[in-house]
Amino acid sequence: MGLSSFALAAFLFVTLDPDYTSSPVYAASSEGVEITYGSVIKLMHERTKVRLHSHDVPYGSGSGQQSVTGFPSVDDSNSYWIVRPELDSSNKQGDTIKSGTNIRLQHMRTRRWLHSHLHASPISGNLEVSCFGGDGNSDTGDHWSLEIEGGGITWRQDQRIRLHHVDTSGYLHSHDKKYTRIAGGQQEVCGVREKKADNVWLAVEGVYLPITETK
């Protein structure tokens, strides 16, 4: 069962930095809204329509870290991710995100980071994508460069994007191959170094922070 917009807003209220808890949060129910740091979003694979998903189940091979899949259901709370700045960044919650910026995605439920490395993915043998670390435990394996398709400057909900892993040069990727031992028709998410149609994603459901006003 998915989280309501109210529940997500409550989650944000207790997890935001103190300087931002007085700011409102909004349900991203229409296209074109800005995606800002601190926003909680779902990412949809453009071609197959699955949501980027994780849960506290480790891979049975490769790194043995927390698995990442593509989940077909829209209404699942394990598909929410918090958009965070890269390590040692001066960016803060509510700031907009420009194309070419390195970001991190923190899984809302388990607090681990979307991660990749040179382990082979279970089905296709491409680069494994996992979740790893936690609050206060992150490294450059969690850095993804945002590439906005079509010349967009700042990230908006209706824009097609790619996420390019900084350490391995792999693009966040999915395809039609499904796990036979995982319920719900979940499909593999992996990294591939070639720019392909199957590494395009869109921000869809979620709750986002308003843009921080400069003073």
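Going by the structure above, here's the rest.
For clarity, every value in this text was computed on a predicted model and none was experimentally measured. (Residues numbered from 1 in each chain as written. Predicted model: local features only at pLDDT ≥ 70, side-chain atom pairs only at ≥ 80, totals over all residues. Heavy atoms only, no water.)

### Remarks on the overall build of the protein
- Along the protein, the regular secondary structure elements total one helix and 13 strands.
- Ordering the α and β elements of the protein from the N terminus gives α-β-β-β-β-β-β-β-β-β-β-β-β-β.
- Counting over 215 residues, the protein shows a buried share of 53%.
- The contacts in the protein between residues at least 6 apart in sequence include a share of 69% that link residues at least 24 apart.
- Looking at the protein as shown, the accessible area adds up to about 9,700 Å², and 50% of this sits on carbon and sulfur atoms. (Helix = DSSP H or I, 4+ residues; strand = E, 2+ residues; numbered from the N terminus. Buried < 20%, exposed > 50% of the residue type's maximum accessible area, 1.4 Å probe, protein only. Contact = heavy atoms within 4.5 Å. Areas by Shrake-Rupley, 256 points an atom, 1.4 Å probe, with all protein chains shown as cover.)

### Re unusual backbone geometry
- For arginine 111, which is not glycine, the phi dihedral falls at a positive 70°.
- As for its position among the elements, arginine 111 is in the loop between β6 (102–107) and β7 (113–120).
- For arginine 111, a relative accessible area of 19% gives the class buried.
- Within the chain, serine 169 stands out as a residue other than glycine whose phi angle is a positive 65°.
- Looking at the secondary structure, you find serine 169 in the loop between β10 (161–165) and β11 (171–178).
- In this structure serine 169 comes out as partly exposed when scored by relative accessible area, which is 34%.

### Structural notes on the nonpolar core
- Residues Leu43, Leu52, Leu114, Trp155, Leu163 and Leu172 are the most contacted members of the largest nonpolar core, which totals 26 residues.
- If you list the elements that add at least two residues to this core, you get β2 (40–45), β5 (81–85), β6, β8 (127–132), β9 (144–148), β10 and β13 (201–208).
- Ranked by the residues each element gives to this core, the list is headed by β9, at three residues.
- What leucine 172 contacts, discounting residues up to four positions off in sequence, is Leu52, Leu114, Val129, Trp144, Leu163, Val189, Cys190, Asp198, Asn199 and Trp201. (Core = buried A, V, L, I, M, F, W, Y, C linked by side-chain atoms within 4.5 Å.)

### Comments concerning the environment of proline 85
- Its place among the elements puts proline 85 in strand β5.
- For the pair proline 85 and leucine 105, spaced 20 residues apart in the sequence, the C-alpha separation amounts to 8.6 Å.

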